Amino acid sequence: MYPRLLQSTTRLHPRAWDFIQLMRLDKPIGIYLLLWPTLWALWVAGEGVPSVKNLFIFVVGVILMRAAGCVINDYADRNFDGHVSRTKARPLASGKVTPREALVLFAVLVALSFVLVLFTNATTIWLSFGGLALAACYPFMKRYSKAHLAKHPEDQGKDLEITQRACEKFQGLPVTVVNYLEGTRFTPAKHAQQQSPYRNLLKPKSGGIAFVIAALGKQMHTVLDVTIVYPGARPPGFWALVSGQVPHVIVDIHECELPEALLEGDYSGDRHYREHFQRWVSDLWQRKDQRIDQLRSESDQA
């Protein structure tokens, strides 16, 4: 029903669907992911009873700023997305929406969000400027597609150099880097499409974590493998989580040994290092898959 409702906006304007796709309103999973910590914080701050005003401001604000983030992200990647099969049909990459229109839409969404912030206190208003700066700058971090590197080989490795310089700021400071190796939410359809060799997991993507380890080098002390398991035949939906219908969630955390040989290497240029790294990730994933089976079995017997 929700997709049909959105598609019906084309009756108001024939290009409405293009802008809905640009804001990712047709894919609300991102909104749910942002709402979860937001609602959690509201309930804690309100001691279990958040005000209706704050609830409205932050829920609508999440929707608006998530949409703004998607718009500025596609604007930043407009020259890359057309070379990637997964993103080449996006409105900006396909030319359905112009870069100028995207920037105007981003400005409108940010302005509407700021109007909401004006109904809060002075501290929140000042903090909103920092949040906007992070949201607007993040998509413009240096990222080069294979097509770009083929035309400009001199840019090879520059993204890693920038990350390494950024990581130098963390020397002597405790820092945590979170990486999701699957890269997307698990669904049976994705599992079947990938022909994943794992019962409970999608295929892991090694490039992201290899990039982080190469950038941090010997600053990387520990890898924590975090596994969240929902007992039952299928994971609960968003409403079941926020409404307290999930009585039991298993969070399993254990420390993984990081071989010293992986701390220095060129994942993209060194085939032997890449194969070694992929074997390490594959072994990690096999153990995780077996651990999930074990946790579910223990939960069923409890």
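Quick summary incoming for the structure in this document. Small disclaimer: the values here were computed from a predicted structure and weren't measured.

About the cut-offs
Residues numbered from 1 in each chain as written. Predicted model: local features only at pLDDT ≥ 70, side-chain atom pairs only at ≥ 80, totals over all residues. Heavy atoms only, no water. Axes fitted to C-alpha atoms, helices over the stretch in contact; angles between N-to-C directions. Helix = DSSP H or I, 4+ residues; strand = E, 2+ residues; numbered from the N terminus. Parallel < 35°, antiparallel > 145°, perpendicular 65-115°, else oblique. Left-handed = near helix turned anticlockwise from the far one by under 90°. Contact = heavy atoms within 4.5 Å. Nonpolar A, V, L, I, M, F, W, Y, C, P; charged D, E, K, R; others polar. Patch = residues over 30% accessible without salt bridge, like charges linked within 9 Å, V, L, I, M, F, W, Y side chains within 5 Å. Areas by Shrake-Rupley, 256 points an atom, 1.4 Å probe, with all protein chains shown as cover. Salt bridge = Lys/Arg side-chain N within 4 Å of Asp/Glu carboxyl O. Core = buried A, V, L, I, M, F, W, Y, C linked by side-chain atoms within 4.5 Å. Buried < 20%, exposed > 50% of the residue type's maximum accessible area, 1.4 Å probe, protein only.

## A few points about the packing of helix 6 (residues 99–117) against helix 7 (residues 122–137)
Thought 1: Contact pair helix 6 / helix 7: the axes reach a minimum separation of 10 Å and the direction vectors enclose 160 degrees. With respect to their mutual orientation, helix 6 and helix 7 come out roughly antiparallel. Seen along the crossing, helix 6 lies across helix 7 with a hand that is right-handed. Facing F106, V110, F114 and V117 of helix 6, the residues of helix 7 in contact are T124, I125, S128, F129, L132 and A136.
Thought 2: For the contact of helix 6 with helix 7, the per-class residue count stands at eight nonpolar, two polar and no charged.

## Observations concerning a nonpolar patch on the surface
Thought 1: Taken together, the side chains of F114, V115, L118, F119, W126 and F129 make up a nonpolar region of the molecular surface, amounting to roughly 660 Å² of accessible area.
Thought 2: Looking at the nonpolar patch, the elements that each hand over two or more residues are helix 6 and helix 7.
Thought 3: Counting through the fold element by element, V115 comes out in helix 6.

## Some details on the nonpolar core
Thought 1: Counting 26 residues, the largest nonpolar core has L22, M23, L25, V71, L105, F106 and L109 as the members making the most contacts within it.
Thought 2: Those elements that place two or more of their residues in this core are helix 2 (16–22), helix 3 (29–45), helix 4 (52–76) and helix 6.
Thought 3: If you tally residues by element for this core, the top one is helix 4, at eight residues.
Thought 4: In contact with L109, other than residues within four places in its own chain, are M23, L64, A67, A68 and V71.
Thought 5: The next biggest cluster of nonpolar side chains, apart from the first, holds 25 residues, and it includes L181, Y198, F277 and V281.

## Considering unusual backbone geometry
Thought 1: Located in the positive-phi region is E47, a residue other than glycine, with phi close to 50 degrees.
Thought 2: Looking at the secondary structure, you find E47 in the loop between helix 3 and helix 4.
Thought 3: Positioned with a positive phi, Q195 is a non-glycine residue whose angle comes to about 55 degrees.
Thought 4: Judged by its relative accessible area of 66%, Q195 is exposed.

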